[in-house]
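Structural overview
Here's the letter readout for the chains.
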Amino acid sequence: HGVVEFRNVTFGYEPERPILKGISLTVPAGGTLALVGPSGAGKSTVGRLLFRFYDVQGGSVRIDGQDIRDVTQDSLHAQIGVVPQDTVLFNDTIRYNIAYGRPDADITQIEDAARAARIHDFIVSLPQGYDTQVGERGLKLSGGEKQRVGIARTLLKDPPILLLDEATSALDTETEQDIQTALRRLGAGRTTLVIAHRLSTIADADEIAVLEDGRIVERGSHAALLARQ
Ligand code: ADP
Ligand code: ADP
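Residues numbered from 1 in each chain as written. Chains lettered and ligands numbered in written order. Predicted model: local features only at pLDDT ≥ 70, side-chain atom pairs only at ≥ 80, totals over all residues. Heavy atoms only, no water.

**Comments concerning the overall build of the chain**
- Looking only at helices and strands, the chain has 7 helices and 10 strands in total.
- Going through the 229 residues of the chain one by one, you find that 48% of them count as buried.
- The contacts of the chain with a sequence gap of at least 6 include a subset with a gap of at least 24, amounting to 69%.
- Accessible surface, the chain: about 11,200 Å² in total, of which carbon and sulfur atoms supply 48%. (Helix = DSSP H or I, 4+ residues; strand = E, 2+ residues; numbered from the N terminus. Buried < 20%, exposed > 50% of the residue type's maximum accessible area, 1.4 Å probe, protein only. Contact = heavy atoms within 4.5 Å. Areas by Shrake-Rupley, 256 points an atom, 1.4 Å probe, with all protein chains shown as cover.)

Structure below.
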């Protein structure tokens, strides 16, 4: 399960200025769709509609065929893990930041040993321990370290659907590779919508859709799109 569908979606932040002009997309369960296109095309807006920060004005966004307007915000958000460009951390411990929103789910007490090990992998690759204070009054983490904390947070949540919104765009090339590897592991088996502007970061997407000025202008495999450039 976890099929994500946009059916003929229209949306504008202001009524007189449409941003998405009728887009249709399907991300099959467990598959990866990358959305690329120039800055301002409307890519992040697609992500915000999936998370229901805004409602569509025409058409619908559906998960497993169900209109997301018909499910509660809590149940929608439980299904979708977001890795944004910059993970925002609380001025608290790494442990708190990973368990954010789920104080019951202490990372060190996860029953499923395999999952605990996967999460632990991300943390041990941080130079700091779980109880390190981060943020303004604590340790300043690098961009890559912050993304690792964000990825661990999403692993703990274990959502069937992932939204990666320029998750490595702010990182240098070397860190980007490292975080891409972590994201591939995070994404395994999950329905994934990747928003990106660098083709290099989406080579393993099953399908790529190119958004320009609020419309899908091309779609195909990575190889097919490269060949057409
Ligand atoms: P992309 O992610 O492709 O760069 P966005 O979805 O962020 O594009 O933005 C698409 C268009 O919507 C841009 O013209 C942007 O200025 C506009 N936009 C984005 N967010 C808002 C907002 N909160 N209010 C008004 N306009 C917005
Ligand atoms: P949870 O059930 O884990 O509390 P939330 O609905 O609070 O889920 O959100 C999940 C995570 O995604 C949170 O860390 C939230 O800050 C983050 N998030 C959601 N949408 C965005 C976005 N567009 N940009 C940045 N972070 C986002």
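Picking up after the structure, the text goes on.
**Things to note about the site of ligand 1**
- Taken together, 14 residues surround ligand 1, and among them Arg17, Gly40, Lys43, Ser44 and Thr45 come closest.
- Backbone polar atom of Gly40 to an oxygen atom of ligand 1: 2.7 Å apart, as the coordinates give it.
- Burial of ligand 1 by the protein amounts to 67% of the accessible area it has alone, namely 560 Å².
- Class assignment of the residues belonging to the shell around ligand 1 gives a composition of 5 nonpolar, 5 polar and 4 charged. (Near = heavy atom within 4 Å. Polar contact = N/O pair within 3.5 Å; in protein donor to acceptor, adjacent residues only side chain to side chain. Nonpolar A, V, L, I, M, F, W, Y, C, P; charged D, E, K, R; others polar.)

**As for the sheet that holds strand β2 (residues 20-27)**
- Here 4 strands make up an open sheet; going across it, the order is β2-β1-β4-β5 and the pairing antiparallel. The sheet terminates laterally at β2 and β5 (66-67), the two strands that pair on one side only.
- The pairing of strand β4 (residues 58-63) with β5 spans 2 bridges and is classified as antiparallel. Bridged to Arg62 within β5 is Asp67.
- Sheet contacts for helix α1 (residues 43-50): β1 (4-11), β2 and β4; angle to β1, the most-contacted strand, approximately 115 degrees. (Pairing = 2+ DSSP bridges. Axes fitted to C-alpha atoms, helices over the stretch in contact; angles between N-to-C directions.)

**So, a nonpolar patch on the surface**
- Among the surface-exposed residues, Tyr13, Phe53 and Tyr54 lie close enough to one another that they form a single nonpolar patch of about 330 Å² accessible area.
- Mapped onto the elements of the fold, Tyr54 is located in the loop between α1 and β4. (Patch = residues over 30% accessible without salt bridge, like charges linked within 9 Å, V, L, I, M, F, W, Y side chains within 5 Å. Salt bridge = Lys/Arg side-chain N within 4 Å of Asp/Glu carboxyl O.)

**Some thoughts on the site of ligand 2**
- Around ligand 2, the neighbouring residues are Phe51, Phe53, His77, Val82, Pro84, Tyr100, Arg153 and Lys157.
- His77 places a side-chain nitrogen or oxygen 2.8 Å from an oxygen atom of ligand 2.
- Contacts to ligand 2 include Arg153, whose side-chain N or O atom sits 3.4 Å from an oxygen atom.
- Look at ligand 2: alone it shows 560 Å² of surface, and the protein chains cover 64% of it.
- A breakdown of the residues in the shell around ligand 2 according to their chemical character gives 5 nonpolar, 1 polar and 2 charged.

**Some words on the pattern of salt bridges**
- Taken as a whole and judged by the stated rule, the model has 7 salt bridges.
- For Arg148, the salt bridge goes to Asp178, with nearest N and O atoms at 2.9 Å. With Arg148 in helix α5 (residues 143-157) and Asp178 in helix α6 (residues 173-187), the pair connects residues that are 30 residues apart, well separated along the chain.
- Classification of Arg148 by relative accessible area gives buried; the value is 10%.

As far as function goes, none of this settles anything; it's purely spatial.
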